[in-house]
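Spelled out from the first residue to the last, the chains are:
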Amino acid sequence: MSGKCSSALDVARPLAENTMFGAWDSVLAVSQWAGRGQLRRQWLSPPGNVYAALVLPPVPKEYDTLLPLILGYCIAGFLRYKKLDAAIKWPNDLLVAEQKVGGILVEERRGVALAGIGLNLVSAPPPDMLREAHAVPAGYLRAHGLKSGPLTLWAELVDFVKICYETTLQQGSPGNVAAMIEPLLCWLGETIAIRDGDETPWTARLAGLAQDGALRVMPAGGAGERLLTSGGIWRVREHPLKHPG
């Protein structure tokens, strides 16, 4: 366990690269001053929540792009074991009751893969701190009935994820793994809005996962299936946007 630090990933990286840490070893930080999420966005890190870095065992190369989703599947499974209705917001967020309660960032360098994992236990960013108007509202797990502290929760979570991760990778192929993960996607079969890079946001039906973890979507207007490998998504409730022309 670490006190306040730049980020749990920054502490774990040199330990793992110098073989002082092995697979499933981890750093749990009390707070961070430079936590980061997807696209290097700042991750607010006040005390009381989980800010951790976990060393992942090597996997066959064909599973590399699935790693964030495999971890999301396992963590969502743990939260469901704790009686919470958890789902994965592609590609690397965790939702409970339509609120973002956590995120995952996988970083691989020099043959060492680390997972940065953040879970809101006792607090969440206020609405005015979220990055855009379409961001999913933030929530925290204590408000949904989970009473564990960071250290107890993290110890239980690592044990659960280790078994789930190893079991998932025994399913025979990336396609089989993607098929296991798919039912835990939030908004599966529903209309979503998509922003990919500088594109104007557009709408599509969320159809599922490709075997490499890309998101399968069916754009409005019957343009045929499209695969997303990056970008942000949110649920469309009204006023649909245009589909890409």
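The preceding data block contains the structure.
Residues numbered from 1 in each chain as written. Predicted model: local features only at pLDDT ≥ 70, side-chain atom pairs only at ≥ 80, totals over all residues. Heavy atoms only, no water.

S.K.: Describe the side chain of arginine 13, and please don't skip the residues or the numbers.
M.R.: On the secondary structure map, arginine 13 appears in helix α1 (residues 8-17). Residue class for arginine 13 comes out buried when judged on its relative accessible area of 5%. In terms of polar contacts, arginine 13 uses its side chain to reach the backbone carbonyl oxygen of arginine 109, at 3.3 Å. Excluding residues that lie within four positions of it along the chain, arginine 13 makes contacts with Glu107, Glu108, Arg109, Val112 and Leu114. (Helix = DSSP H or I, 4+ residues; strand = E, 2+ residues; numbered from the N terminus. Buried < 20%, exposed > 50% of the residue type's maximum accessible area, 1.4 Å probe, protein only. Polar contact = N/O pair within 3.5 Å; in protein donor to acceptor, adjacent residues only side chain to side chain. Contact = heavy atoms within 4.5 Å.)

S.K.: With reference to specific residues and values, describe the packing of aromatic side chains.
M.R.: In the structure shown here, the tally under the stated rule is three aromatic pairs. The interplanar angle of 85 degrees and the centroid separation of 5.1 Å between the aromatic rings of tryptophan 24 and tyrosine 165 together place this pair among those described as edge-to-face. Here tyrosine 165 lies in helix α3 (residues 150-168) and tryptophan 24 lies in the loop between α1 and β2 (26-32), a separation of 141 residues in the sequence. By relative accessible area, tyrosine 165 is classed as buried at 1%. An angle of 70 degrees between the planes, with centres 5.6 Å apart, marks the rings of phenylalanine 78 and phenylalanine 160 as edge-to-face. In this pair, phenylalanine 78 sits in helix α2 (residues 67-81) while phenylalanine 160 sits in helix α3, placing the two residues 82 residues apart along the sequence. Classification of phenylalanine 78 by relative accessible area gives buried; the value is 1%. Of the aromatic side chains, those joined through ring pairs into one cluster are Phe78, Tyr81 and Phe160. (Phe/Tyr/Trp six-rings, centres within 6.5 Å; stacked < 30°, edge-to-face > 60°.)

S.K.: Give a description of the side chain of lysine 89 that names residues and reports values.
M.R.: One can find lysine 89 in strand β4 (residues 86-89). From its side chain, lysine 89 meets the backbone oxygen of isoleucine 233 in a polar contact 3.3 Å long. Setting aside residues no more than four positions away along its own chain, lysine 89 makes contact with Leu95, Val136, Cys186, Trp187 and Ile233.

S.K.: Got a sec to walk through the pattern of salt bridges? Specific residues and values, please.
M.R.: Counted under the stated rule, the structure contains twelve salt bridges. The residue glutamate 182 makes a salt bridge to arginine 216 at a minimum N-O spacing of 3.8 Å. Placement of the pair is glutamate 182 in the loop between α4 (174-181) and β8 (191-195) and arginine 216 in strand β10 (residues 215-219), with a sequence separation of 34 residues. Residue arginine 216 is classed as partly exposed on the basis of its relative accessible area of 23%. Between glutamate 225 and arginine 216 there is a salt bridge, with its nearest N and O atoms 3.0 Å apart. Its relative accessible area of 44% is what places glutamate 225 among the partly exposed residues. What you see here is one network of salt bridges that share partners, running through Arg13, Glu17 and Arg110. (Salt bridge = Lys/Arg side-chain N within 4 Å of Asp/Glu carboxyl O.)

S.K.: Please provide a residue-by-residue account of the nonpolar core, values included.
M.R.: Grouped together as the largest cluster of nonpolar side chains are 61 residues, with contacts concentrated most on Leu56, Leu119, Leu141, Trp154, Tyr165, Leu215 and Ile233. Sort the elements by how many residues they give to this core and α2 lands first, with ten residues. With residues up to four places along the chain from it excluded, the contact list for leucine 215 reads Trp90, Leu185, Ile192, Leu206, Gly208, Leu209, Arg226, Leu227, Leu228 and Ile233. Counting 13 residues, the second largest nonpolar core, distinct from the first, contains Cys5, Ala8, Val27 and Tyr51. (Core = buried A, V, L, I, M, F, W, Y, C linked by side-chain atoms within 4.5 Å.)

S.K.: So what about the packing of α2 against α4? Which residues, and what values?
M.R.: Packing of α2 against α4 leaves a shortest axis separation of 10 Å and a crossing angle of 40 degrees. When the axes of α2 and α4 are compared, the pair comes out oblique. Relative to α4, α2 is oriented so that their crossing is left-handed. Along the contact surface, α2 presents Leu69, Ile70 and Tyr73, while α4 presents Val177, Met180 and Ile181. (Axes fitted to C-alpha atoms, helices over the stretch in contact; angles between N-to-C directions. Parallel < 35°, antiparallel > 145°, perpendicular 65-115°, else oblique. Left-handed = near helix turned anticlockwise from the far one by under 90°.)

All we've got here are geometric facts, nothing functional implied.
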